[in-house]
Structure formats: structure tokens, C-alpha cells
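If you want the building blocks of each chain, they are given just below.
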Amino acid sequence: MTDDLQNEAGEVKQKILVADDEASIRRILETRLKMTGYDVVTAEDGEEAVEVYNKTMPDLVILDVMMPKMDGYGVTREIRRTSDVPIIILTALGDVSERITGLELGADDYVIKPFSPKELEARVKAVLRRTTTKEISAPSGKTAKNVITTGSIKIDTARRQVYRKNERIRLTGMEFSLLELLVNNSGQAYSRNEILQHVWAYPPDHRIDTRVVDVHISRLRSKLEADPANPELILTARGIGYMFQRIN
């Protein structure tokens, strides 16, 4: 008999950690997310967030940037030392630097305060859908059909893993989803808004700082390119956005 909570269909519920020093926000999000079908654990400061994360190993983390004892940046750094779990940061309305810093440290998405719980629920659903790993084993003795090789980089789209000369490169779920979009459409340029729609599932009329895409592209280049300042794989399509170029 497992201790994991299950939904009505008998499936194990995905677990979400909500870390915010405002009790009212924690209560609202805990109630709404539980009603949506998730298991929820909470923390009221950064140090507790790290402790709860290590104890419960949630499927997604929602972090307020400004928390006592350890801010959301510190929590993100701690989690990213060992895990690629998706992270959504909650950030102040006018502070662009907060959003960019959180993304550069490894957050997958952000939601601006004050926010609609419905909007956050949509972001949680989209991020979990794009970052849930479903590993597929290739038949013994056969080459997996979903392996793409370009230069020294090997991309296994079935296992959602990337290797350079047989050494695995750690990508977050959203980084891989972005890479997968570009790789599967090599030579095709995508605008930032198109990428947000395809990867982050933002509706076409949703207004968001498109630098979320720029930061993720920068993170991908730092991990995949031999010289991130002069990329050969993930190229900038001037006046449009980004594209992937395979190399022999």
C-alpha cells in the first residue's frame, strides 16, 4: 500500500511545493491547486522551502522571490545544484530585473504579482505538460529512431536527454522542449512569440516579456555551443527570432 496520494482515476497526484511568506497566498494557492487535483506542500521562508523540497521531492516548485532567511534566488540555486525540477517564480509587477535574474538562475517561467490564481494554474499545467519526462526504451540491439546527431551533440527525443561525446548534458524540461522545437524544425526561424506559444503554451494575445525566450536560448547556448558567443547550432534569425542549424 503506497502513501502517495491518488486522484479519482487512481493515478498518483503530482506534488507541488508553494513557498511564499504571505500566509494568504499560501492558503489560496494550496486550496486552488488541491481542487485542481494536485498534492500541495508549503513553506513560509526560503530555508524551509529547501528543507521541504529535499524531504518531499515535488514535481514542481512555485517560489516567491522575496522571502525571509533565503530569497527565491537562493532557493533556486540550491535546487538547481541537484535537480531539473520545473520552477515558477512569483515576482513583483514592475521589477523586470527580478524576472530575468530568476530565469538566468534556472527558473522555467514566472508569474507577476498580483496575479490571478487561474492564470497561475494555467502556467502550472503548461509547464508540467512540457517538462514531464516519459522515457522510452529502445528495443535491445536496435538503434533508437528518435536520436538526432549534429556535430558532437546527440539528442535523444524519446528519453529527453542530450549528450556531448557520450557525456550527458543536464537540461531543464523547458530547455529541452525549446531545443526539441528548434531541432525538429531545423532551418526554420521562429519568432519569440511563436516560441512562447509552442513551448510555454501562451495564447497568442497574452502579453509577456519575450526575454523569457532570450534567457532560455542563452542558457541552451551555454550548455551546447563550443563558443556560446559565436553559436553554430542555435542561430539568431535577424528580425525574426531563432533557428537551429545542424552541422556535420
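In this text the structure is predicted, and so the values were computed from the model without any measurement. (Residues numbered from 1 in each chain as written. Predicted model: local features only at pLDDT ≥ 70, side-chain atom pairs only at ≥ 80, totals over all residues. Heavy atoms only, no water.)

Brief notes about helix H3 (residues 72–80)
Defined as follows: Any residue under 20% of the maximum accessible area for its type is buried, any over 50% is exposed, and the rest in between are partly exposed; the area is computed with a 1.4 Å probe on protein chains only. In this text, helices come from DSSP runs of H or I with a minimum length of four residues, and strands from runs of E with a minimum of two, each type numbered from the N-terminal end. Pairs of residues are marked as contacts when any of their non-hydrogen atoms sit within 4.5 Å. Under this definition, polar contacts are N or O atom pairs within 3.5 Å; protein pairs additionally need one hydrogen-donor-capable and one acceptor-capable atom, and for neighbouring residues in sequence, both atoms have to be side-chain atoms.
The buried fraction of H3 amounts to seven of the nine residues, a majority that puts the element mostly inside the structure. Looking at the buried side of H3, the elements it contacts are helix H2 (46–56), strand E3 (60–64), strand E4 (87–92) and helix H4 (96–104). For H3, the N-terminal capping position is held by Asp 71, with its side-chain oxygen 3.1 Å away from the main-chain nitrogen of Tyr 73.

A look at the sheet that holds strand E11 (residues 234–237)
Applied cut-off: Each pair of strands is called paired provided DSSP finds at least two bridges between the two strands. Between N-to-C directions, angles cover 0 to 180 degrees, with each direction set by a line fitted to C-alpha atoms, over the stretch in contact for helices.
Spatially, three strands are ordered E10-E12-E11 in an open sheet, and the strand pairing comes out antiparallel. Only two strands of the sheet have a single partner each, and these edge strands are strand E10 (190–191) and E11. In this structure, E11 lies alongside strand E12 (residues 241–244), joined through four bridges in antiparallel fashion. What sits directly across from Ala 237, in E12, is Gly 241. Docked against the sheet, helix H6 (residues 173–183) engages E10, E11 and E12, running at close to 70 degrees with respect to E12.

Examining the pairing of strand E6 (residues 147–150)
Remember that side chains alternate between the two faces of the sheet whenever the strand is regular. With burial as the criterion, only one face of E6 is covered, namely that bearing Ile 148 and Thr 150; the residues Val 147 and Thr 149 on the opposite face remain uncovered. In the sheet, E6 pairs with strand E7 (residues 153–156) via four bridges, with the strands oriented antiparallel. The residue of E7 that forms the bridge with Thr 150 is Ile 153. The hairpin formed by E6 and E7 contains two residues between the paired strands, and Gly 151 there has a positive phi angle of roughly 60 degrees.

Some words on the packing of H2 against H3
Basically, it comes down to this: Every angle not falling under 35 degrees, over 145, or within 65 to 115 is termed oblique; those three ranges are roughly parallel, roughly antiparallel and roughly perpendicular. Handedness of each helix crossing follows the sense of rotation of the near helix against the far helix: counterclockwise by less than a right angle gives left-handed, clockwise gives right-handed. Ten residue types, Ala, Val, Leu, Ile, Met, Phe, Trp, Tyr, Cys and Pro, are classed as nonpolar, four, Asp, Glu, Lys and Arg, as charged, and the remainder, Gly among them, as polar.
At their nearest, the axes of H2 and H3 sit 9 Å apart, and the two run at 25 degrees to each other. Judged by the angle between their axes, H2 and H3 are roughly parallel. In this structure, H2 crosses over H3, and the sense of that crossing is right-handed. Here Gly 46, Ala 49, Val 50 and Tyr 53 of H2 lie close against H3, whose contacting residues are Val 75, Glu 78 and Ile 79. Of the residues assigned to the contact of H2 with H3, the class counts are five nonpolar, one polar and one charged.

Things to note about the pairing of E4
Among the six residues that make up E4, five are buried, leaving the element largely enclosed by the rest of the structure. Here four bridges tie E3 to E4, and the two strands are oriented parallel to one another. The residue of E4 that forms the bridge with Val 61 is Ile 87. Of the strand pairs in this sheet, E4 and strand E5 (residues 109–113) are connected by five bridges, and their pairing is parallel. Considered in E5, the bridge of Ala 92 is made with Lys 113.

Quick look at the environment of Lys 223
Locating Lys 223 in the fold gives a position in helix H8 (residues 211–224). Each C-alpha atom of the pair Lys 223 and Ile 169 lies 7.1 Å from the other, and the pair is 54 residues apart in sequence. Beyond its immediate stretch of four places on either side in the chain, Lys 223 contacts Arg 164, Ile 169, Arg 170, Leu 171, Thr 172 and Glu 175. A polar atom in the side chain of Lys 223 sits 3.0 Å from the backbone oxygen of Arg 170.

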